[in-house]
Amino acid sequence: MSRYNFKLIEKKWQDYWDKNNTYKVISNPNKRKFYCLEMFPYPSGRIHMGHVRNYTIGDVLARYKSLQGFNVLHPMGWDSFGMPAENAAKQNNLNPKDWTEENINAMKNQLKKLGLSIDWEREISTCSPNYYKHQQKLFLELYDKGLIYRKESYVNWDPIDKTVLANEQVINGKGWRSGAVVERKKLNQWFFRISNFAEELLSDLDNLDQWPEKVKIMQKNWIGKSFGCEIDFKIDGSEKVKSIKCYTTRPDTLFGFSFLALSVDHPLSKLYEKDKNFLSFRDECSKTGTTEESIAQAEKIGFKTELLAINPLNENEKVPVYFANFVLMDYGFGAVFGCPAHDQRDFDFAKKYNLEIKTVVKPFDETDSFTVNDEAYTGSGTIINSDFLNGLKVPDESIAKTIQILEEKKIGNKKTNYRLKDWGVSRQRYWGCPIPIAYDEKNQIHKIPEKDLPVLLPDQINLNTKGNPLDSVDQWKKININGKNCIRETDTLDTFVDSSWYFLRFCSSKDNDNSFNKNEIDYWMPVDQYIGGVEHAILHLLYSRFFTRAINLNNKEFELKEPFKGLFTQGMVCHQTYKDQNDNWLSPDDVFSNNGNDYFIKTKPSEKVMVGPSESMSKSKKNTIDPEKMIEAYGADAVRLFILSDSPPEKDIQWSETGMTSAYKFIQKFWSVSQNIIEIVNTESDKSINNEIEIFTNQSIEKINTALEKFRYNVIIAVFHEIFNFFNKVSENRKNYQNLKENYNKILIVVSPVIPHLANECLNLMASKNFEWPKVKKEFLEKEEKEIVIQINGKKRGNILINKKTEENEILAKIKELDIIQKYIKDKKISKTIYVKDRLINIIIK
RNA sequence: GCCCUCGUGGUGAAAUUGGUAGACACAAAGGACUUAAAAUCCUUGCCGCUUGCGGAGUGCCAGUUCGAGUCUGGCCGAGGGCACCA
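Residues numbered from 1 in each chain as written. Chains lettered and ligands numbered in written order. Predicted model: local features only at pLDDT ≥ 70, side-chain atom pairs only at ≥ 80, totals over all residues. Heavy atoms only, no water.

### A few points about the packing of helix α18 (residues 636-645) against helix α21 (residues 713-732)
- Where α18 contacts α21, the axes come no closer than 7 Å and their chain directions differ by 120°. With respect to each other, α18 and α21 are oriented oblique. Contacts between α18 and α21 involve L641, L644 and S645 from the former and Y713, N714, I717 and F720 from the latter.
- Classifying every residue of the contact of α18 with α21 by side-chain character gives five nonpolar, two polar and no charged. (Axes fitted to C-alpha atoms, helices over the stretch in contact; angles between N-to-C directions. Helix = DSSP H or I, 4+ residues; strand = E, 2+ residues; numbered from the N terminus. Parallel < 35°, antiparallel > 145°, perpendicular 65-115°, else oblique. Contact = heavy atoms within 4.5 Å. Nonpolar A, V, L, I, M, F, W, Y, C, P; charged D, E, K, R; others polar.)

### Focus on the pattern of salt bridges
- A full pass over the atoms with the stated rule returns 46 salt bridges.
- Its salt-bridge partner being E213, residue K216 comes within 3.7 Å of it at the nearest N-O pair. Of this pair, K216 and E213 both sit in helix α7 (residues 213-223), three residues apart, which is roughly one turn of the helix.
- Two residues, D522 and K518, come together in a salt bridge whose shortest N-O distance is 2.8 Å. Here D522 and its partner K518 are both found in helix α15 (residues 518-524), four residues apart, which amounts to about one turn of the helix.
- D522 sits in the partly exposed class, given a relative accessible area of 40%.
- On the basis of relative accessibility, which here comes to 31%, the residue K518 falls in the partly exposed class. (Salt bridge = Lys/Arg side-chain N within 4 Å of Asp/Glu carboxyl O. Buried < 20%, exposed > 50% of the residue type's maximum accessible area, 1.4 Å probe, protein only.)

### Focus on the side chain of Q219
- Tracing the backbone through its elements, the reader meets Q219 in helix α7.
- For Q219, the side chain forms a polar contact with the side chain of R545, separated by 3.0 Å.
- In contact with Q219, other than residues within four places in its own chain, are L205, W211, A537, I538, L541, L542 and R545. (Polar contact = N/O pair within 3.5 Å; in protein donor to acceptor, adjacent residues only side chain to side chain.)

### Considerations on the protein's contact with RNA strand B
- Taken together, the neighbourhood of RNA strand B is formed by 65 residues, with D79, N167, R429, D646 and N842 sitting nearest.
- Of what RNA strand B places within 4 Å of the protein, 58% of the atoms are sugar or phosphate.
- One nitrogen or oxygen atom from the side chain of Q189 is found 3.0 Å from a base nitrogen belonging to RNA strand B.
- Note that a sugar or linking oxygen of RNA strand B is positioned 3.4 Å from one of the side-chain N or O atoms of T658.
- With six residues, the single largest contributor to the surface near RNA strand B is α21.
- Across the surface near RNA strand B, the residue classes tally to 24 nonpolar, 19 polar and 22 charged. (Near = heavy atom within 4 Å.)

### Focus: the packing of aromatic side chains
- As enumerated under the stated definition, the model contains 59 aromatic pairs in all.
- With 5.8 Å between their ring centres and 80° between their planes, F255 and F388 make a pair best called edge-to-face. One end of the pair, F255, is in the loop between β11 (243-248) and β12 (259-262); the other, F388, is in the loop between β17 (381-383) and β18 (393-394), with 133 residues separating them in the sequence.
- Take F255: its relative accessible area is 5%, and that puts it in the buried class.
- Both rings, one in F726 and one in F727, keep their centres 5.2 Å apart while their planes meet at 85°; by these two values the pair is edge-to-face.
- Judged by its relative accessible area of 18%, F726 is buried. (Phe/Tyr/Trp six-rings, centres within 6.5 Å; stacked < 30°, edge-to-face > 60°.)

### Let's talk about helix α23 (residues 756-765)
- Of all ten residues that make up α23, eight are buried, and the element is covered over most of its length.
- Taken together, the buried positions of α23 are occupied by P756, H757, L758, A759, N760, E761, C762 and L763.
- Buried residues belonging to α23 abut α1 (6-19), α2 (49-67), α18, α19 (657-683) and α22 (740-751).
- Of the residues one or two after α23, A767 is the one with positive phi, at around 55°.

### Concerning the nonpolar core
- By size, the foremost hydrophobic cluster in this structure holds 93 residues, and its most contacted members are W655, F670, F720 and F727.
- Per-element tally for this core: the top contributor is α19, with twelve residues.
- The residues contacting W655, other than those within four sequence positions of it, are M49, V573, C574, H575, M617, I625, M630, F642, I643 and M660.
- With 82 residues, the next largest nonpolar core counts C127, F139, Y439 and F564 among its residues. (Core = buried A, V, L, I, M, F, W, Y, C linked by side-chain atoms within 4.5 Å.)

### Things to note about the sheet that holds strand β9 (residues 183-192)
- Judged by pairing direction, the sheet is antiparallel, and its four strands sit side by side in the order β6-β5-β9-β20 without closing on themselves. Of all strands in the sheet, those bounded by a partner on one side alone are β6 (163-165) and β20 (423-424).
- Sheet topology places strand β5 (residues 148-158) next to β9; ten bridges connect them, and they run antiparallel. Across the sheet, residue V155 finds its bridge partner in β9, namely K185. (Pairing = 2+ DSSP bridges.)

### Quick word on the packing of α18 against α19
- Packing of α18 against α19 leaves a shortest axis separation of 8 Å and a crossing angle of 125°. Comparing their axes, α19 and α18 come out oblique. For α18 against α19, the interelement crossing comes out right-handed. Counting all contacts with α18, which are made through D637, A638, V639, L641 and F642, the residues of α19 involved are G659, M660, A663, Y664, F666 and I667.
- Of the residues contributing to the contact of α18 with α19, the split by class is nine nonpolar, one polar and one charged. (Left-handed = near helix turned anticlockwise from the far one by under 90°.)

### Considering unusual backbone geometry
- The omega angle of the peptide bond from L453 to P454 is -5°, so this bond is cis rather than trans.
- Turning to its location among the elements, P454 is positioned in the loop between β23 (445-447) and α12 (474-477).
- Backbone torsion omega between M525 and P526 reads 0°, so that peptide bond is classified as cis.
- Assignment of secondary structure puts P526 in the loop between α15 and β27 (529-533).
- Positioned with a positive phi, N443 is a non-glycine residue whose angle comes to about 65°.
- Within the secondary structure layout, N443 lies in the loop between β22 (437-439) and β23.
- On the basis of relative accessibility, which here comes to 49%, the residue N443 falls in the partly exposed class.
- One non-glycine residue with positive phi stands out, namely F711, at about 60°.
- Secondary-structure assignment places F711 in the loop between α20 (691-709) and α21.
- Classification of F711 as buried rests on a relative accessible area of 8%.

### Things to note about the side chain of K477
- You can see K477 is positioned in helix α12.
- Filtering out sequence-adjacent residues up to four positions away, K477 remains in contact with L470, D471, C486, I487, R488 and T490.

### What to know about the sheet that holds strand β36 (residues 795-803)
- Here four strands make up an open sheet; going across it, the order is β36-β35-β38-β37 and the pairing mixed. Every interior strand has two partners, whereas the edge strands, β36 and β37 (830-836), have only one. The average angle at which neighbouring strand axes cross in this sheet is 20°, direction not considered.
- Examined bridge by bridge, strand β35 (residues 785-792) and strand β38 (residues 840-845) share four bridges and lie parallel to one another. Within β38, the position partnered with Q791 by the bridge is N842.
- Contacts from helix α24 (residues 808-817) reach β35, β36, β37 and β38, with the element oriented near 120° to β37.

In structure tokens form, the structure reads like this:
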């Protein structure tokens, strides 16, 4: 028998699917739909193993649903705007468009070699004017709805390159190219009012029952709803400032108040703009960076003002007012009251400036003389040292009660707050969707008229100018709107905008006039299963949820709110890392090993390689494996099989060469047993019925069904091995049982989502007519006899085979006679027995 | 720093969701077949004494329960996110 020639057979089926447009779908109201979507890739040039994993998981689901009779929409596109194109273009003196389009072509070819069941006719690319003109229309629609506005906000500014840097381009506070210390700079930028939807985005999470719990928790914390109180602190004897408003979630610690801290962007900072010391303090703060992490990690520093704030619950207590680097203007009122004993940031600050640390909460198991020493106490307990608040239980009782008192005294008001900030969408870059706005000579905002859309990116661009590239294209910038000379907005949109509605566009990607077609949206949306990396758990998914709501607002034509009914987040693909003696990363292609433990450099076999931990594959660590090479060496089916086999899809998977080769061997073995069976079925003539085959097949399908529904794809591969082991035995005696063909046909169907090329070839050779997902015959799942575990005091001591109808007391009587049990119970008294039907019996003895 | 998730044999893992821990594989060792090798097949999680038997065992420490990998609390370790990477 010939070996399985995957090169020939995979090519044959891929060409067949292409030619016959097998995976093209059109909406059909009479057919149940299933929208299966994987997060679309950034066209970096070559697919990586993460893509292989993502798209294989999705493809298995799409093929499964299709065999079940669903009308499956399974599209693919390109998230093709973004910084890498701009960087590559700068480096190699190319055009970002050409670079991107070449990459798309290359990656499309690679994806096709994986044998994915994709409707390529719906392909979209976000950098194509066909896509972004609709995005510009959507932008203007949302603008008209009042969901988009302009305000000043900070960016990372590289003072040498005179350019805005992304967070990833800031390394240890310095610009990645220039090495200059990065500053915070204020720019006028566009924002989406996502915070208008904070409550809805939060409460609707409860309805997403097919989302991973952890993603919902992450989004919940991100939105950060908190219940607290706004408090007006009176300022002592100042002409200029009467009071300062703070937001707090811990009003119950008000007696521990020892300073009041303001953001450097607080309106009161205007009063200090002539103070040199304040200005140098503000400069110092601007070096902290713009990320929350850098602010949280930075040393707490402050600038002391002459102002004194009065404790509203104790008018004799007056504490200093500072500007401090850890207070954010975006949250609350940009002002916080400091209680060092019960907040770690306040504690660090108080230690630095020798402020009082007054303990007002004690843990339940401490006495009233408890004091905070080395770190803030933020746990539960009882209020102490707080006059009329003493004795209240923290947090449940104390916070509510204090708010009530503050409201009665007209000092503060109960307030709900959200951490979620509005979404800044302006990017000072070339390779993005132009914002369809212009400004007249008085700096008034004008929308670009619809007839002038799309605002196309200029083709000719010099990316090596300093600052925002579009800003230097004078002829492009100028536009006349209703007779007024205007200058275009030169910022482009955040690429997260592109990916916030692409799933809508897939439903009618060919429609030139409309962003999306109502009938198509009504039929296909929501996405039934969305699959992608957990790194998108917050931003991309939240922005998409916002976008559908923003479109939905005041729009009777569009009923959708939640875009993704089901969500699955897959783990990363990892590989060992290698370094040479000089600490340079080495690729797996550069090293070899004879025993699997010690590695050496191929070109210098005497030099030992340092083997590092397995980490997610990345170019910078050189620990990548090229999927195309693997497909060429082992075939798409083997690669698909391996990428699913070793770990559950939501967990990280370790790439291993031995795992890959064993998947390849399995493909060969499975082919060979299939050929045996096809031969038997077509030539041998024994016609007896084999009940074992019936039982095994039905049990296997049942296992596969359960595992498929729960994304336990690695378990499915284990069942495939069981299938091989079983049918390998069955085929040994070369009997053509009457039920062999029917059952093996079913087996080929249920393996086909994972290894579609091999399965289709075998089904073809068997001349199968049936391409439906098999129904499980329940009567073959249950056996008459059942093995029951015998436990003595919860420990397993043996088991017994009984008929399922046997009553509990009968079972117990039988067990008592068993020798293995006798020795445990003969001198003891049975005080209790616990019987779990069909599973175990636990005998408690004394 | 803050938030989230995950820790099961030498390795990847499975476990009907509180009921036989280690299915299915990978690796290694031993054995069978062979002139030899390859391939194939069989055995092996750990500790103890004799095939049998007994004991411990799911990161660590407590707890709930007849019974805990699974539930609760604390600790340790690894990974992800932190708003301009996508």
